[in-house]
Amino acid sequence: METTTHPAAPDNAPYAATDRTVPTRARERAAYDRPLVHAILDESYVCHLAFVRDGAPVVLPTLYGRVGERLYVHGSTGSRPLRMAGAAQPDDGADPGLPVCLTVTHVDGLVLARSAFHHSINYRSVVVHGIARQVTDPEEKRTALDALVEHVVPGRAADSRPANAKELAATAVLSLDLAEVSAKVRTGGPNDEPEDMDLPHWAGVVPLRKGYDPVVPSADLAPGIEIPDYLIEP
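Predicted model only: the values in this text are computed from it and were never measured. (Residues numbered from 1 in each chain as written. Predicted model: local features only at pLDDT ≥ 70, side-chain atom pairs only at ≥ 80, totals over all residues. Heavy atoms only, no water.)

### Points about the overall build of the chain
Broken down by element type, the chain carries 4 helices and 10 strands. Considering the chain as a whole, with its 234 residues, one finds that 32% of them fall into the buried category. Considering only intrachain contacts with a sequence separation of at least 6, the fraction spanning at least 24 residues in the chain is 72%. (Helix = DSSP H or I, 4+ residues; strand = E, 2+ residues; numbered from the N terminus. Buried < 20%, exposed > 50% of the residue type's maximum accessible area, 1.4 Å probe, protein only. Contact = heavy atoms within 4.5 Å.)

Set out below in structure tokens:
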């Protein structure tokens, strides 16, 4: 069986800027720092995967996971992007992959300015361009599915039954290498105009946070099973 390797980052070198990863507005907010990109990706739950089908754009929200310099998304073997990524060319039978754009965004705060025009949000986002390909190696598929579960709740992959052969056969996985990547971050307060500073309107930031509410056990949970430590916030 072919051994799957995951692309590694040499010494956390920054990602190279490209025409597609340099924003046209607020360029000072763009960043290519590899640890920053990883941190933004690792903290979120949902990405948006964009591609073109029959000449029209399609954007799908989906779960994802990261293993080194590779992202994974999964779905049914009949889902649209997974079928398209695995469509072999009739001339050579090769899988050309699917050109995609994947995005992740955190909203960290609501920025309220004195003027309606300068209202904004504090955010951290990542945009990834590349070619998504179907994962066919069984070991890589298992690694990817474990990463997806672990991404949602760290510690959960080892505390649940792994997919069996039937479930693996019904599940398709796409991989997307982190090569053409950028982050964009906004922090700080409102940027009001000097002539608006004396207006009688409150201005500032409403911080938002991520956290767990009390968990709701399944009604058919077997007696004696306690809430796992990884679901209890310190």
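After presenting the structure, the write-up continues.
### Topic: the environment of Ala 17
Note that Ala 17 resides in the segment before strand 1 (30-31). With a relative accessible area of 48%, Ala 17 lands in the partly exposed category. Distance from Ala 17 to Ala 179, taken between C-alpha atoms, is 9.9 Å for residues 162 residues apart in sequence. Setting aside anything within four residues of it in sequence, one finds Ala 17 in contact with Val 22 and Tyr 32.

### Remarks on unusual backbone geometry
Backbone geometry at Asp 54 places phi at a positive 55 degrees, although glycine is not the residue there. In this structure, Asp 54 sits in the loop between strand 2 (46-53) and strand 3 (56-63). Asp 54 gets classed as exposed once you look at its relative accessible area, which sits at 69%.

### Describing the packing of aromatic side chains
Taken as a whole and judged by the stated rule, the model has 0 aromatic pairs. For the cation-ring pair, Arg 34 lies above Tyr 15, with the distance from its terminal atom to the ring centre recorded as 4.0 Å. (Phe/Tyr/Trp six-rings, centres within 6.5 Å; stacked < 30°, edge-to-face > 60°. Lys NZ or Arg CZ within 6 Å of the ring centre and 35° of its normal.)

### Examining the side chain of Arg 186
With respect to the helices and strands, Arg 186 occurs in strand 9 (residues 180-186). Although Arg 186 is buried, it makes no salt bridge; Glu 28 carries the closest opposite charge, 8.6 Å away. A polar contact of 3.1 Å, which involves the side chain of Arg 186, links it to the backbone oxygen of Gly 188. (Lys, Arg positive; Asp, Glu negative; His and termini not counted. Salt bridge = Lys/Arg side-chain N within 4 Å of Asp/Glu carboxyl O. Polar contact = N/O pair within 3.5 Å; in protein donor to acceptor, adjacent residues only side chain to side chain.)

### Observations concerning helix 3 (residues 138-152)
With 15 residues, helix 3 extends 22 Å between its outermost C-alpha atoms, agreeing within 8% with the 21 Å of an ideal straight helix rising 1.5 Å per residue. Between the side-chain oxygen of the N-cap and the backbone nitrogen of Glu 139 there are 3.3 Å, and the N-cap of helix 3 in question is Asp 137. (Expected span 1.5 Å × (residues − 1).)

### Quick notes on helix 1 (residues 34-43)
Residues Arg 34, Val 37, His 38, Ile 40 and Leu 41 constitute the buried set of helix 1. What you see down the axis of helix 1 is that its buried residues fit within an arc of 165 degrees, all on one side. Where helix 1 begins, the side chain of Asp 33 points an oxygen toward the backbone nitrogen of Leu 36, at a separation of 2.8 Å. (Arc of directions from axis to C-beta.)

### Structural notes on the nonpolar core
Across soluble globular proteins, nonpolar side chains show a tendency to be buried alongside one another. Membership of the largest hydrophobic core comes to 26 residues, with the highest contact counts inside it found for Leu 41, Leu 102, Val 126 and Val 128. When contributions to this core are tallied by element, the ones reaching two or more residues are strand 1, helix 1, strand 2, strand 5 (70-76), strand 6 (98-112), strand 7 (120-134), strand 8 (171-177) and strand 9. The contact partners of Leu 102, leaving out residues within four places of it in the chain, are Cys 47, His 48, Leu 49, Leu 71, Val 73, Val 126, Val 127, Val 128 and Leu 176. Counting residues in each nonpolar core, the second largest holds 7 residues, with Val 135, Ala 144, Leu 148 and Val 173 among its members. (Core = buried A, V, L, I, M, F, W, Y, C linked by side-chain atoms within 4.5 Å.)

### Remarks on the pairing of strand 7
In terms of strand pairing, strand 6 meets strand 7 through 13 bridges, oriented antiparallel. Within strand 7, the residue paired with Val 111 across the bridge is Ser 120. Pairing between strand 7 and strand 9: 7 bridges, direction antiparallel. In the sheet register, Arg 124 faces strand 9, and the bridge partner there is Val 185. Sheet analysis places strand 7 next to strand 8, joined by 2 bridges and oriented antiparallel. Across the sheet, residue Arg 133 finds its bridge partner in strand 8, namely Ser 175. (Pairing = 2+ DSSP bridges.)

### Comments concerning the pattern of salt bridges
Considering all chains together, one arrives at 11 salt bridges under this definition. A salt bridge links Asp 54 to Arg 53; the nearest nitrogen and oxygen atoms lie 3.3 Å apart. For Asp 177, the salt bridge identified is with Arg 70, shortest N-O distance 2.6 Å. One end of the pair, Asp 177, is in strand 8; the other, Arg 70, is in strand 5, with 107 residues separating them in the sequence. For Asp 177, a relative accessible area of 33% corresponds to the partly exposed category. The network of salt bridges with common partners includes Glu 43, Asp 108 and Arg 124.

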